Amino acid sequence: MPAFIAPARFTDAAAALAQVRAIYSGGLQHLRDAMLRFVAGESLPGRVRACYPFVRVHTHTVSRQAVPANAGLSYGFVAGPGRYETTLTRPDLFSRYYLEQFRLLLENHQVELEVGTSAQPIPIHFSFAENDHIEGSMSIERRALMRDVFDLPDLHAMDDGIANGTYEARAGEPQPLALFTGARVDYSLHRLRHYTGTAPEWFQNFVLFTNYQYYIDEFVQLGHEAMMDENSEYIAFIEPGNVVTRRRGLAAGASATFHDLLDGSQGTAPPRLPQMPAYHLVREDRSGITMVNIGVGPANAKTITDHVAVLRPHAWMMLGHCAGLRPSQQLGDYVLAHAYVREDHVLDEELPLWVPIPALAEIQLALERAVEQITKVSGPELKKFMRTGTVASTDNRNWELLPNNTPQRRFSQSRAVALDMESATIAANGFRFRVPYGTLLCVSDKPLHGEIKLPGMANHFYRERVEQHLRIGMAAIDILRSEGSSRLHSRKLRSFAEVAFQ
C-alpha cells in the first residue's frame, strides 16, 4: 500500500479537492512504480494495492440552506438525512466538475466534507498513462501472474445499479453520492479511448452524434476553418489519434486548462479509423463541441452513450438521417423529435418500455430557434419543411420487408413521423444517465412511399442538406451555451431520491 493519508474534514472545496489529488496521485504512482518493477522481472513481496479516494458527507436534516444562486438547480444536495459517499478518480480531468459538486454540497448543507482513502482498489489497468503500453512487453506467463500481484477490474464494482435506480445500500452502508463510482468512470474512460481514437481529456460538454460520415466531413472542414480564424472562440481542433490543430496565433502556454495537452504530443493519425471516431472543437472552459460518428444501429448508440455519460456533459443531441413516414414529407425535410417509440431493444432491461422519455423544453426550443436562425425561415413557413413529432427507432434495418405490414401498423398507431435506428436509444440513455438530450433528423428516403435513395439523388441530397443540418446543430449548442448550462439539467431527469452530483 502507498503511504497512508489520514481522512480529513473540509469546509473549503478547493482544499477538499487538493486532498483528493494527493490520495489519487500517491496511489497511482505507487501502482506504476510496482508495475515497472514487475515488467522488469522483479518478484514483488506480496500483493500491491492502492485504493480510490472517497468523499463523504453526513447530514442530519432534510432541510437545506436557502442559497439564491442554487435555487433552480436540480442537483447539489442529498435527498435527506444520512451518510452519503462516492469514490473519485482522475481529479486532473474532473477538477472543475468536482469543485462545483463540493461547493454546492457545502453551501446547501453547511456541513463538512470528509475526504479519505476508500477500500475500493484501483485496477492496475487504470493506472497506466495515456500512451503506456508496458504490459505488451511481457510474456504470456508473466501476464498471467498479474492477477496474483495486482488488482484487476472487478465488474461487480462497475454496474449501473445507481443510475438504473435498482441499487439498494445494505445495512450500515452509505447511500451513493454520484451515479458512477471511480472504477465505473475509469472503465468508461478506457473504452472511450478504444472506440473513439481520442483521449477523454479532449471531450467537450456538448456532444453531437451522427450516423453518417458526411456530417463528420463537414465538421472537419468547419473545424479547420475555425482554426484559421485568430478570433475564433475555439482554441484547438482534435481528430482521431489525438491529432491537434491549434488556433492560428494561439501562443504556447496560452491555455491554462489545456496547456500540457496542447503543448505536448501532437498525436499521430491512425492507419485506420476507430469504430466510432470522435472530433473535438475545444473551448478553454470545455464548453466546446464534440462530434462522434456512431455508425448505424442502436448497439453502437448505447455503447457510446454508456461511456460518454461518465464525463457528465451538459447535453447530447442526435443529428442524422431518417426515413420519412408521412406522404406529405419531402426529402430534406427536418424532424424535431418530441417523443420516441423504442423498438431498439438494447435498453429494455435497464430502462423498461413503460418508462416515458419526455421531450426537454430547453433543447427543443434551442433546436427550433437554430433552424429559424440558419434557414432564415420562421412561423408557418417553417412548418413546410420541419415537422415536430414522434420518432421510432428500430433494431431491424429491413423493417419494411417484414411480412403482414406489422411494423408499419405499429408505427402508424404511434403517430410516428420518422424512423431511424439510433435516436430513441440516445434519448433513452440520456434520460437514464440524467444527460439532457434532443434529436433533429433529416428525411433521406421514404420507403413506405416508394422513394428510396438513388445514387444521383443521394449525392444531390447530401450536398444540399448536410452542411445546413450540421450548422443548425452547432447553432443550437451556441444557444444552449449562452443561456447557461445550469438551466439544462432538468428536474424531469431526476428521480425521487436522487444522488447529489450532477
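Below: a short report on this structure.

Here is what the cut-offs are and how they apply
Residues numbered from 1 in each chain as written. Predicted model: local features only at pLDDT ≥ 70, side-chain atom pairs only at ≥ 80, totals over all residues. Heavy atoms only, no water. Salt bridge = Lys/Arg side-chain N within 4 Å of Asp/Glu carboxyl O. Helix = DSSP H or I, 4+ residues; strand = E, 2+ residues; numbered from the N terminus. Expected span 1.5 Å × (residues − 1). Buried < 20%, exposed > 50% of the residue type's maximum accessible area, 1.4 Å probe, protein only. Contact = heavy atoms within 4.5 Å. Pairing = 2+ DSSP bridges. Axes fitted to C-alpha atoms, helices over the stretch in contact; angles between N-to-C directions. 1 Å grid on protein atoms, 1.4 Å probe; cavity = no way out; pocket = protein on both sides within 12 Å on 5 of 7 lines; lining within 4 Å. Points joined across faces, edges and corners; volume = space filled by probe spheres on them. Nonpolar A, V, L, I, M, F, W, Y, C, P; charged D, E, K, R; others polar.

### So, the pattern of salt bridges
Side chains that differ in sign of charge can pair as their charged atoms come close.
Phase 1: The full count for this structure, using the stated rule, is 26 salt bridges.
Phase 2: The shortest N-O distance in the salt bridge between Arg-9 and Glu-114 comes to 3.9 Å. Pair noted here: Arg-9 is in strand β1 (residues 8–10) and Glu-114 is in strand β4 (residues 113–121), with a separation of 105 residues, a long-range link.
Phase 3: The salt bridge involving Arg-283 is made with Glu-233; its shortest N-O contact spans 2.4 Å. With Arg-283 in the loop between β9 (278–282) and β10 (289–293) and Glu-233 in the loop between α7 (213–227) and β7 (236–239), the pair connects residues that are 50 residues apart, well separated along the chain.
Phase 4: Counted as one network, the salt bridges with shared partners bring together Asp-160, Arg-184, Lys-302, Asp-306, Glu-350 and Arg-432.

### Some remarks on helix α2 (residues 95–109)
Because each turn of an α-helix spans 3.6 residues, side chains separated by three or four positions end up pointing in the same direction.
Phase 1: With 15 residues, α2 should reach 21 Å at 1.5 Å per residue; the first-to-last C-alpha distance of 21 Å fits that figure.
Phase 2: Within α2 the residues assigned to the buried category are Ser-95, Tyr-97, Tyr-98, Gln-101, Phe-102, Leu-104, Leu-105, Leu-106, Asn-108 and His-109.
Phase 3: On its buried side, α2 packs onto β1, α1 (13–39), β2 (51–59) and β4.
Phase 4: Phi turns positive, to about 55 degrees, at Gln-110, one or two residues after α2.

### Digging into the sheet that holds β2
Phase 1: Spatial ordering of the open sheet is given by β1-β4-β2-β3-β5, a layout of five strands whose pairing is mixed. The open sheet terminates on both sides in strands that have one partner only, identified here as β1 and β5 (175–176).
Phase 2: Both β2 and strand β3 (residues 82–87) contribute to a ladder of six bridges, which runs antiparallel. Each residue of the ladder has a partner; that of His-58, found in β3, is Arg-83.
Phase 3: Relative to β4, α1 is tilted by about 25 degrees, and along the sheet it contacts β1, β2 and β4.

### Thoughts on the layout of surface pockets
Phase 1: Considered as a void within the structure, the second largest pocket measures approximately 790 Å³ in volume.
Phase 2: Together, 30 residues line the second largest pocket, and Ala-163, Asn-164, Gly-165, Arg-434 and Ser-495 are the ones closest to its centre.
Phase 3: Elements supplying a minimum of two residues to the lining of the second largest pocket: α5 (161–164), β5 and α12 (423–432).
Phase 4: Among the elements that line the lining of the second largest pocket, the one with the most residues is α5, at four residues.
Phase 5: Looking at the lining of the second largest pocket residue by residue, the class counts come to 17 nonpolar, six polar and seven charged.

### As for the side chain of His-109
Phase 1: Among the structural elements, His-109 can be located in helix α2.
Phase 2: Given a relative accessible area of 11%, His-109 falls into the buried group.
Phase 3: With sequence-adjacent residues up to four places away left out, His-109 is seen in contact with Thr-59, Ser-63, Arg-64, Phe-77 and Val-78.

### Some words on empty space enclosed by the protein
Phase 1: Going through the model one piece at a time under the given rule, you end up with one cavity of 30 Å³ or more.
Phase 2: When its volume is computed, the largest cavity comes out at roughly 160 Å³.
Phase 3: Residue lining of the largest cavity: 18 residues in total, with Tyr-97, Tyr-98, Ala-178, Phe-180 and Val-185 positioned closest to the centre.
Phase 4: Every element with two or more residues in the lining of the largest cavity is listed here: β3, α2 and α6 (182–196).
Phase 5: The class makeup of the residues in the lining of the largest cavity is 11 nonpolar, six polar and one charged.

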